[in-house]
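Listed below, chain by chain, are the residues.
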Amino acid sequence: MRITQTLVRSGPAVAVAALPLALAAGLPGVAAAAATGINVTTSGGTVQVTTSACVTRSNGSMGNASLLSSGQANFAQGRQVTLSGTSGSQSAAWSSVTSGTYTVIVVCADGSTAGTQSVTVSPVSTPTISATASPSRGVMGGMGSTTQDYGTVTYVAGGVLVAAGVGATVWVLRRRSRPNRL
C-alpha cells in the first residue's frame, strides 16, 4: 500500500524530469519547443535584437538581421541590417518602426539561423501642447464669477475705507503706547 502511494505521488515529478530528455530525443507525439537564440526588445519606435549565436565572421560581418512586417514571408523581403559586435555578443537595431506586429530573423555569416522571434511595437503617444490666449487686462479677480469693471465712485469708496482702517490702527497703537494714569 505504501509503495503504491509513493509511486503515484512521484509520478508527476518523474514526468517533468523526463520531459527535456524526450524533447532532446525527438520522440513522436511530444511537441518540441523551438528554442530561440535571440533577444528582441522595443523602445518607442526602435526595435533591437541581440544574440551570441553568431561567432564566426565572413567578409568582416557576423551576419544579418531582418525585420519582417505582417505581409512579408522570407528573410530577403524584410528590412535588413548587419550585425555588429564581438564574438561574445552581436546586435542590430531598426529605428522609425511604426506600430504593428513584426518578425525578427537573425542569420549568421555561416548561413545558420540564430533565431526567429515575433515582436509587437506599440504606438508612441506624443502629448499635444496648444497655446491659449492670455487675458487682455490681466487676471480678473473678484467674488465668485464676477468680472465687472468698477467706476470711479467705487474706487473712491474703497480708498476711504482703507484710509479709515489705517487711521483707526494708528490711533489704537498710539493710545497703547501712553502710560496708564489713574
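Residues numbered from 1 in each chain as written. Predicted model: local features only at pLDDT ≥ 70, side-chain atom pairs only at ≥ 80, totals over all residues. Heavy atoms only, no water.

Undergrad: Summarise the nonpolar core; cite the residues concerned and give the values.
TA: Counting residues in each nonpolar core, the largest one holds 19 residues, and the members touching the most others are Val47, Val49, Trp94, Val104 and Val106. Within the residue set of this core, elements represented by two or more residues are β1 (38-43), β2 (46-51), β3 (63-68), β6 (90-94), β7 (100-108) and β8 (113-121). A per-element tally of this core places β7 first, with 4 residues. Once residues lying within four places of it in the same chain are set aside, the contact partners of Val106 are Ile38, Val49, Thr51, Cys54, Asn64, Ala65, Leu83, Ser112, Thr113, Ala114 and Gly115. (Core = buried A, V, L, I, M, F, W, Y, C linked by side-chain atoms within 4.5 Å. Buried < 20%, exposed > 50% of the residue type's maximum accessible area, 1.4 Å probe, protein only. Helix = DSSP H or I, 4+ residues; strand = E, 2+ residues; numbered from the N terminus. Contact = heavy atoms within 4.5 Å.)

Undergrad: Explain the pairing of β7 residue by residue, including any values.
TA: Here 6 bridges tie β3 to β7, and the two strands are oriented antiparallel to one another. Directly across from Leu67, in β7, lies its bridge partner Val104. The pairing of β7 with β8 spans 8 bridges and is antiparallel. Directly across from Gly100, in β8, lies its bridge partner Val121. If you look at the hairpin formed by β7 and β8, you'll find 4 residues sitting between the two strands, and Gly111 has a positive phi there, around 95°. (Pairing = 2+ DSSP bridges.)

Undergrad: I'd like a description of the side chain of Ser61, backed by residues and values.
TA: Inspection of the secondary structure puts Ser61 in the loop between β2 and β3. At a separation of 3.1 Å, a polar atom in the side chain of Ser61 contacts the main-chain amide nitrogen of Gly63. Those residues in contact with Ser61 that lie beyond four places of it in its chain are Thr56, Thr82 and Ala109. (Polar contact = N/O pair within 3.5 Å; in protein donor to acceptor, adjacent residues only side chain to side chain.)

Undergrad: Describe the sheet that holds strand β4 (residues 79-82), with residues and values.
TA: If you trace the 4 strands from one edge of the open sheet to the other, you get β4-β3-β7-β8, paired in antiparallel fashion. The two strands at the open ends of the sheet, each matched to only one other strand, are β4 and β8. Adjacent strand axes in the sheet meet at a mean angle of 20° when their direction is disregarded. (Axes fitted to C-alpha atoms, helices over the stretch in contact; angles between N-to-C directions.)

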